[in-house]
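Residues per chain, in single letters:
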Amino acid sequence: MAAPQQQPPAPQQGPISNDDVAEWTARFNDVLARPGEYVNSKSPESAQPWYNSFFGCFAPIETCLMSWCCPCVVFGRTHHRLRKSANLAGYEPINTSCLLFCASGCVALHWIPMAMQRADLRTKHNLQGSCLVDIATSCCCGCCHLAQNDKEAEYREQLLASQGIQQGYQAAGGMAYPGGHKQ
């Protein structure tokens, strides 16, 4: 009798990815577990300035209009660029992050995932800013915030890809002594 063949996993049906749901849940839980650490976070002194201006959100006009008319799509696109594929391989406009943005917007909490995404962008690419600035830009000028994040993610991710780098800035670890000796 032959052993039964294992079937490959069924393809994802619909716009919701279980992996994305688990990732967002873990990120929210982390923020809720250490709120003071996140709110008081700032970029290191070595942080780079943003390539795209905050008020340069009108160019290209397509990104500006998408940020105004369909902000959830721009939010999901930026998430895909940062977490999955810089060239948007496999991107679908209606995705888990897009739906998260819509759902949080229904209860006027859209600024939370927006600020978290901006913090991810700052951390990954060592950009200037702080959590309080992320929150302020999310609340006060969401369209400019989304457009700047999307353009910056596109620029930085393509820059990394052209340099053959798979991961962005990583903070230096603590000091270690050779041979494990403590002093």
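Before reading further, recall that the structure is shown in the block above.
Just so you know, these numbers come straight off a predicted model, no measurement behind them.

Undergrad: Is there a simple way to explain the packing of aromatic side chains in this structure?
TA: The geometry of an aromatic ring pair comes down to the distance between the two centres and the angle between the two planes. Under the defined criterion, the tally for this structure stands at five aromatic pairs. A centroid spacing of 3.7 Å and a plane angle of 5 degrees characterise the contact between Y51 and Y155, whose relative ring orientation is stacked. Taken as a pair, Y51 in the loop between α2 (35-39) and α3 (61-69) and Y155 in helix α8 (residues 142-162) lie far apart in primary sequence, 104 residues in all. Residue Y51 is classed as exposed on the basis of its relative accessible area, which comes to 52%. Residue class for Y155 comes out partly exposed when judged on its relative accessible area of 28%. Here the aromatic residues W24, F28, F75 and F101 are joined through ring pairs into a cluster of three or more. Cation over ring: R27 sits above W24, and NZ or CZ is 4.0 Å from the ring centre. The ring centre of W50 lies 4.2 Å from the NZ or CZ of R118, which sits over that ring.

Undergrad: Hey, could you run me through helix α4 (residues 71-83) in this one?
TA: Every α-helix carries 3.6 residues per turn, so stepping three or four residues along brings you back to the same face. Along its 13 residues, α4 runs 18 Å from first to last C-alpha, staying within 8% of the 18 Å computed at 1.5 Å per residue. In terms of burial, α4 is a largely internal element, 11 of the 13 residues being buried. Three or more residues of α4 are buried, namely C72, V73, V74, F75, G76, R77, T78, H79, H80, R81 and L82. Where the residues of α4 are buried, they touch α1 (18-33), α3, α5 (96-106), α6 (111-125) and α8.

Quick notes on the rules
Residues numbered from 1 in each chain as written. Predicted model: local features only at pLDDT ≥ 70, side-chain atom pairs only at ≥ 80, totals over all residues. Heavy atoms only, no water. Phe/Tyr/Trp six-rings, centres within 6.5 Å; stacked < 30°, edge-to-face > 60°. Helix = DSSP H or I, 4+ residues; strand = E, 2+ residues; numbered from the N terminus. Buried < 20%, exposed > 50% of the residue type's maximum accessible area, 1.4 Å probe, protein only. Lys NZ or Arg CZ within 6 Å of the ring centre and 35° of its normal. Expected span 1.5 Å × (residues − 1). Contact = heavy atoms within 4.5 Å.

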